[in-house]
Amino acid sequence: MPVPFWAPAREYTKYKNEIDTAMQEVQAKGELVLGFSPEIEKFEKSFADFIGVKHCIMVGSGTQALAVAYKSVGIGEHPCGKCLQCLENTEKPEIVRAFNCTNVVRDEVITTSHTFIATIDQIVRCGAHPVLVDIDETTGLIDPELIENAITPRTKAIVPVHLEGKMCDMGRIMDIARKHNLLVIEDSAQAIGATYVGQKAGSIGDLGCYSFFPAKVLGVPGNGGAVTTNNDEFAKKARMIRCNYNIGKNQDYDVNWGDNYEPDAIHAAVLNVKLPYLKERLEKRKEVANRYYTRLAKYPIILPVIQEGRIYQDFVIRLRTTEERDKLAAFLKERGIGVLGHNLRPNHLYPALGFSLSLPKTEEYIATQIRIPCNPDCLDSEVREVLEAFDAFYAQ
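Below is a summary of the structure that appears in this document. Being a predicted model, the structure only gives us computed values, none of them experimental.

Cut-offs used in this document
Residues numbered from 1 in each chain as written. Predicted model: local features only at pLDDT ≥ 70, side-chain atom pairs only at ≥ 80, totals over all residues. Heavy atoms only, no water. Helix = DSSP H or I, 4+ residues; strand = E, 2+ residues; numbered from the N terminus. Rg over C-alpha atoms; globule rule 2.2 N^0.38 Å. Buried < 20%, exposed > 50% of the residue type's maximum accessible area, 1.4 Å probe, protein only. Contact = heavy atoms within 4.5 Å. Areas by Shrake-Rupley, 256 points an atom, 1.4 Å probe, with all protein chains shown as cover. Lys, Arg positive; Asp, Glu negative; His and termini not counted. Charge placed at Lys NZ, Arg CZ, Asp CG, Glu CD. Pairing = 2+ DSSP bridges. Right-handed = clockwise from strand over helix to strand, strands pointing away. Axes fitted to C-alpha atoms, helices over the stretch in contact; angles between N-to-C directions. Parallel < 35°, antiparallel > 145°, perpendicular 65-115°, else oblique. Left-handed = near helix turned anticlockwise from the far one by under 90°. Nonpolar A, V, L, I, M, F, W, Y, C, P; charged D, E, K, R; others polar. Arc of directions from axis to C-beta. Patch = residues over 30% accessible without salt bridge, like charges linked within 9 Å, V, L, I, M, F, W, Y side chains within 5 Å. Salt bridge = Lys/Arg side-chain N within 4 Å of Asp/Glu carboxyl O.

## Topic: the overall build of the chain
Scanning the chain from N- to C-terminus turns up 14 helices and 13 strands. For 396 residues, the compact-globule estimate of 2.2 N^0.38 gives 21 Å, and the C-alpha radius of gyration of the chain, at 22 Å, lies within 12% of that figure. Seen through its C-alpha atoms, the chain measures out along the principal axes to roughly 75 × 55 × 35 Å. In the chain, which comprises 396 residues, the proportion classed as buried is 53%. Looking at the chain alone, contacts between residues at least 24 apart form 69% of all its contacts between residues at least 6 apart. When the accessible surface of the chain is totalled, it reaches about 18,300 Å², and 51% of it is carbon and sulfur. Averaging the positions of the 46 positive and the 52 negative side-chain charges in the chain gives two centres separated by 2 Å.

## With respect to the pairing of strand S5 (residues 129-133)
By the criterion of burial, S5 is predominantly enclosed, with four of the five residues buried. Where strand S4 (residues 108-112) lies against S5, five bridges are found, and the strand directions are parallel. Paired with Ile 110 across the two strands is Val 131, which belongs to S5. Between S4 and its parallel partner S5, the chain crosses via helix H6 (residues 118-125), and the hand of that crossover is right-handed.

## Digging into the packing of helix H2 (residues 16-29) against helix H10 (residues 265-274)
It is at 9 Å that the axes of H2 and H10 come closest, and there the two elements cross at 150°. When the interaxial angle is binned, H2 and H10 end up roughly antiparallel. Between H2 and H10 lies a crossing of right-handed hand. Between H2 and H10, the residues in contact are Glu 18, Ile 19, Ala 22, Met 23, Val 26 and Gln 27 and Ala 265, Ile 266, Ala 269, Val 270, Val 273 and Lys 274, respectively. Residues of the contact of H2 with H10, tallied by class, amount to nine nonpolar, one polar and two charged.

## Quick look at helix H8 (residues 170-180)
Burial in H8 covers these residues: Met 170, Ile 173, Met 174, Ile 176 and Ala 177. Taken around the axis of H8, the buried residues stretch over an arc of 160°, which confines them to a single face. Set apart from the buried face of H8 by more than 90 degrees, the exposed residues are Arg 178 and Lys 179. In the stretch just after H8, Asn 181 is the one whose phi turns positive, near 55°.

## Details of a nonpolar patch on the surface
A surface patch of nonpolar side chains, about 290 Å² in accessible area, is lined by Leu 32, Val 33 and Phe 36. Mapped onto the elements, Phe 36 comes out in the loop between H2 and helix H3 (38-51).

## Topic: the sheet that holds S5
Strand order in the open sheet formed by seven strands is S1-S11-S10-S7-S6-S4-S5, with mixed pairing between adjacent strands. Because the sheet does not close on itself, it has two edges, and the strands there are strand S1 (55-59) and S5. Neighbouring strand axes in the sheet, compared pairwise and without regard to direction, differ in orientation by 25° on average. On the sheet, H8 packs against strand S6 (155-158) and strand S7 (183-187) and is oriented at approximately 150° with respect to S7.

## Comments concerning unusual backbone geometry
When glycine is set aside, most residues are seen to have a negative phi, and most peptide bonds are trans. A positive phi is found at Val 197, a non-glycine position, where the angle reads about 50°. Position of Val 197 among the secondary structure elements: in the loop between strand S8 (195-196) and strand S9 (199-200). Here Asn 244, not a glycine, exhibits a phi torsion of approximately 55°, which is positive. Along the chain, Asn 244 turns up in the loop between helix H9 (232-241) and H10.

## Some details on the pattern of salt bridges
In the structure shown here, the tally under the stated rule is 22 salt bridges. Linking Lys 166 and Glu 164 is a salt bridge whose minimum nitrogen-to-oxygen distance equals 2.8 Å. Here Lys 166 matches Glu 164 in class, with each residue buried. Put simply, Asp 314 and Arg 371 hold a salt bridge, and the shortest N to O gap is 3.7 Å. Here Asp 314 is found in the loop between helix H11 (278-296) and strand S12 (315-318), whereas its partner Arg 371 is found in strand S13 (residues 369-372), with 57 residues between them in sequence. Overall, Asp 314 belongs to the buried group, its relative accessible area being 6%. What you see here is one network of salt bridges that share partners, running through Glu 11, Lys 274, Arg 281 and Asp 377.

Okay, structure coming up:
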C-alpha cells in the first residue's frame, strides 16, 4: 500500500465545506487583495494572537517573509561615508545610495548552512554577507557557542533557524545578541506552534518569519508567509516594504526602492479556516511520532531529539553511514513509502555560491538523514506499513 509523505488532498477533503465556502465568499464579494480584504486583516490578528506578539504582516511566501524582515531592520549594504561620492553629498545624505558609493560597506548576518536556501539567499539579495557557522550535532540546529566567535564589527544580526519542529537555544542566542547589540530574526518556517520555555517560535527575537507552503503544518493552496514582531517601527516598515512603500498613496518622502510582497485574500481565507484546527493537527503529528519512537528505538538509527515544546513538522532519522541511509531510502521507496531529505546537499557546498568553508557537523547530519511520513492525515494502517517496512529492512 503506497504511503504518501504528505497528503494535502486529504486535509482539503476533511475541511472541504469550510474551505470552499471561505474561498467562494472572497470571490463573490470581490475582496481579493491587500487593502480591500478583511480576511487578510483577520488572519494577521489571529496569527499574532496565536504567536503571542503585537504585529503580524502577511506576505506571499516564506522567502518573502525573510526578505521583508531583513529589509525592515535595515540589513544590507551602506555608503561608506568616506569616498568622494559620499563626501560630496554630506549636506544631502538622502540622495546618497549604496550603489553610488565606491566603497560599499556590507552588513554581516550569522546563520546556518543547514536550512532552506532562502534564509541565506535573501541576505545576499539585501546586499549583505551571510556568515555560516556549524550546527550542534545532536539537535541539528545552529550551535550558539560558535556564534560569538563569528561576530565582527560588521555583524548586524543573527538568524537562528528552527528546523523540523525543533527550536534553537534561544536563551543563549538572545544573551549573545544583547551582549553585542545585535538583532535576532527567527526563521520559524518549520516550527509554527513550537515553544521555547513557553514562548512560541518567532516571538522571542526581534522578528519571526513563517512559511505557509502547503507542506508546512499550516499551509495554503499555493504559497504564503508572514512576519511577526513586537516592535512598532519594524512592523510599520515591513508593511511599507511589502507593497512598494505605497508610493503614490504614501506622501512621506522616507521611501526607497521596493518590491511587491503582498498576500492574497483567498489564501488568508483558507488560513482563517485552518488556524483553529492547528493545535489538534499538531497533536496528531505527535501521536504518529510517538509510535515511531516506540517501535524504532530497537534499531541502529538516531531518532529525532525529544525537546520540550517541539512540534513534528518532520520526523527526521539518521543512519550510521550515507551508504546505509541510501539503502534504507531505496528500500522504503520500493515499498511505496514516501521519503524526503535523503538527497540534499548542504548549501555551502554548492561551488557557484562562493562559500569556501567546511562545516563537518552540518555535512555529516545531512549526509545521513532521511525524513519519513509524519503528517496528521496518516492513516493507522499507513503508520503500520512504515513500521513493518523498517522491520523487514533490518531483518535482511
